[in-house]
Amino acid sequence: MSAKDAFHTVVKTALQKEGWLITHDPYTLQAGSLELYIDLGAEKVIAAEKQGQKIAVEIKSFLSPSKITELYAALGQFIIYRIALQKQEANRTLYLAVPSTVYNDFFILPSIQSVIKTNQCLLIYNIEQEAIDQWQS
């Protein structure tokens with residue numbers, strides 16, 4: 001199992017503030033003979049519908065100097081996790097969590113937006129406030 005991201009606790013707290021119940025920390029996936037670990041699994045019960053919304057969240061900090069290199073790695077990991085998750089639990093939506101500072105400086109670039117809109121569901125989190133700034137799907 002890999003080490004937790006630098007902002008793991010920040011994202012976990014932010015989800016809990018929004019009423020998410022953390023059900024997995026980490027969320028384990030089986031992909032053939034491989035065991036994969038998504039950072040968090042969470043569920044939100046919608047009382048009126050009596051059914052829950054389920055998500056999995058892969059947290060990224062983007063702390064290295066090369067944001068594009070981190071995006072390459074994060075996107076590859078996300079795609080592999082999404083495929084494995086669709087086979088294991090198709091009703092759970094996978095999100096890539098990124099800090100709002102990185103989103104505002106890097107992810108808003110038109111070329112990056114094009115890649116993101118094609119491939120991802122983003123959860124944008126605020127490090128200082130331990131809050132979710134935005135959900136993009």
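Residues numbered from 1 in each chain as written. Predicted model: local features only at pLDDT ≥ 70, side-chain atom pairs only at ≥ 80, totals over all residues. Heavy atoms only, no water.

### Considerations on the overall build of the protein chain
Here comes step 1: A tally of helices and strands in the protein chain yields four helices and eight strands.
Here comes step 2: The secondary structure elements of the protein chain, listed N-terminal to C-terminal, are α-β-β-β-β-β-α-β-α-α-β-β.
Here comes step 3: In terms of its C-alpha atoms, the protein chain occupies a principal-axis envelope of roughly 40 × 40 × 30 Å.
Here comes step 4: Looking at the protein chain residue by residue over its 137 residues, the buried ones come to 45%.
Here comes step 5: Across the protein chain, the mean location of the 12 positive side-chain charges is 5 Å away from that of the 14 negative side-chain charges. (Helix = DSSP H or I, 4+ residues; strand = E, 2+ residues; numbered from the N terminus. Buried < 20%, exposed > 50% of the residue type's maximum accessible area, 1.4 Å probe, protein only. Lys, Arg positive; Asp, Glu negative; His and termini not counted. Charge placed at Lys NZ, Arg CZ, Asp CG, Glu CD.)

### With respect to the packing of aromatic side chains
Here comes step 1: Tallied over the full model, the rule gives six aromatic pairs.
Here comes step 2: Ring plane angle 40° and centroid distance 5.8 Å describe the contact between Trp 20 and Trp 135, whose orientation is recorded as tilted. You can see Trp 20 sitting in the loop between helix H1 (8-17) and strand S1 (21-24) and its partner Trp 135 sitting in strand S8 (residues 131-136), a full 115 residues away along the chain.
Here comes step 3: Residue Trp 20 is classed as buried on the basis of its relative accessible area of 6%. (Phe/Tyr/Trp six-rings, centres within 6.5 Å; stacked < 30°, edge-to-face > 60°.)

### Overview of the pairing of strand S3 (residues 34-38)
For a regular strand, side chains alternate in direction, first toward one face of the sheet and then toward the other.
Here comes step 1: Sheet topology places strand S2 (residues 27-31) next to S3; five bridges connect them, and they run antiparallel. Following the sheet pairing, Ala 31 is matched in S3 by Leu 34.
Here comes step 2: Between S2 and S3, which follow one another and run antiparallel, lie two residues, and Gly 32 among them has a positive phi close to 65°. (Pairing = 2+ DSSP bridges.)

Read these as geometric descriptors, not functional statements.
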